[in-house]
Amino acid sequence: MNILLLTTGGTIASQEGGGGLIPAISSQSLLSHVADLNHKHTIHHEEILNMDSSNIQPEEWQLIAGRIYEALPSYDGIIVTHGTDTMAYTASAVSFMLQNLNKSIVFTGSQVPIDNPLTDAKTNLYTAVAAIENGILGVTVAFNRKIINGTRAVKISTLGFNAFESVNSGCMGEVFADGMRVYRTSTSCLDYGRPVQFTPGLCKDVFLLKLLPGTKPEVFDMIVQLGYKGVVMEVFGAGGLHYAHRNLLDKLEMLHKRGIAVAVCSQCTYERCDLSIYDIGQRLLQRKVIPCHDMTTEAAAVKLMWALTKTRDLDKLQEMFDTNFVGEVYLGTCSF
Ligand SMILES: NC(=O)C[C@H](N)C(=O)O
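All of these numbers come straight from a predicted model, not from anything done at the bench.

So, about the UniProt feature "binding site: substrate" (unreviewed entry) in the protein chain. When the UniProt feature table is mapped to this numbering, "binding site: substrate" (unreviewed entry) covers S53, T84 and D85. In summary, the annotated positions, though distributed over 33 residues, converge in three dimensions, the widest C-alpha pair being only 7.0 Å. Tracing the sequence through the fold places S53 in the loop between β4 (42-51) and α3 (58-71). What makes S53 buried here is its relative accessible area of 2%. Structurally, the position occupied by T84 is in the loop between β5 (77-81) and α4 (87-97). Take T84: its relative accessible area is 4%, and that puts it in the buried class.

With that settled, consider unusual backbone geometry. Notably, H245 is not glycine yet its phi reads approximately 65 degrees, a positive angle. By the secondary structure assignment, H245 is in the loop between β16 (230-235) and α7 (248-257).

A word on the sheet that holds strand β8 (residues 138-143). Strands sit in the order β4-β1-β5-β7-β8-β9-β12-β13 across an open sheet of eight strands; the sheet is mixed. Lying at the two open borders of the sheet, with one neighbouring strand each, are β4 and β13 (179-182). For this sheet, the mean angle separating the axes of adjacent strands, direction not counted, is 20 degrees. Against the sheet, α3 contacts β1 (2-9), β4, β5 and β7 (104-108), and its axis sits at roughly 165 degrees relative to β4.

As a further point, take α3. Given 3.6 residues per turn, any residue in an α-helix points the same way as the ones three and four places further on. Between the first and last C-alpha of α3 there are 20 Å, a value that for 14 residues agrees with the 20 Å anticipated at 1.5 Å per step. Regarding α3, the residues found buried are P58, E60, W61, I64, A65, G66, I68 and A71.

Criteria and cut-off values
Residues numbered from 1 in each chain as written. Predicted model: local features only at pLDDT ≥ 70, side-chain atom pairs only at ≥ 80, totals over all residues. Heavy atoms only, no water. UniProt positions renumbered as here; feature names shortened; annotations may be inferred. Helix = DSSP H or I, 4+ residues; strand = E, 2+ residues; numbered from the N terminus. Buried < 20%, exposed > 50% of the residue type's maximum accessible area, 1.4 Å probe, protein only. Pairing = 2+ DSSP bridges. Axes fitted to C-alpha atoms, helices over the stretch in contact; angles between N-to-C directions. Contact = heavy atoms within 4.5 Å. Expected span 1.5 Å × (residues − 1).

Structure, rendered in structure tokens:
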């Protein structure tokens, strides 16, 4: 197979720089650590960035997605090496920007640099190649022998090798002693008659707010002043926030009047936010907040950035959040 290795930095490409680990290893040198892959496949390499992923932002997401789109026709699959810290955001962003993918785009990285004897980088790279060999289509994350839908990946460990979890959706594939077991072959329902859909835009004016009991309502005034067009709010449990002592509900009404979208997801990692259960949730619904259902916070925030480039109409945004595009949300009607 013809595979492209796109490198962007991260621990996988890092070396001790005197002041701590810093990305330094080139794409060529990275590939040389898994040179045996070239016996079976033709692997091309290209370094598009060399950054700690803490510095990777929407500008870089667009660069990465654009390069993938250009390269796609020439390869059977593309592996993107990336720092783990923000990989779930980048993988989500690329998932929304590049849809109807009939090829494998696999993000991977490592917790230990590739030139360290205890590295997990090689296994992760071999797992990424196995995802391509097994035809797992769409944007995924390969880590610790698992293949996860890019919009379902969440980084759960700072140091452990099982650094990513597939949240609210089983993983797509897993390596066992007898090889890769494939549970799902695509992140979405593909329309083979249509080409890849590339929508490169992202609205950078999205704010992510995790509530603390007692958060001051005036925070929302600051969000408005700063020109944010959308807010993803992590609320308590199935969907709660305070209005006693400090009335956040009034501020949500103010945001709605100003046409600022507020999407709501839970501070709980697992299961869905459901605003129909409690009185407080129903008060939120009356303020026209957009429920994110069982989406990860990472996917929800990036989905809002992507959706806001298509519309600012709150009803249309709500419709987009009630639609499953790339397996990011379970709505009870589709098993992706
Ligand atoms: N394991 C890693 O890759 C962490 C690193 N700080 C990064 O995200 O770039």
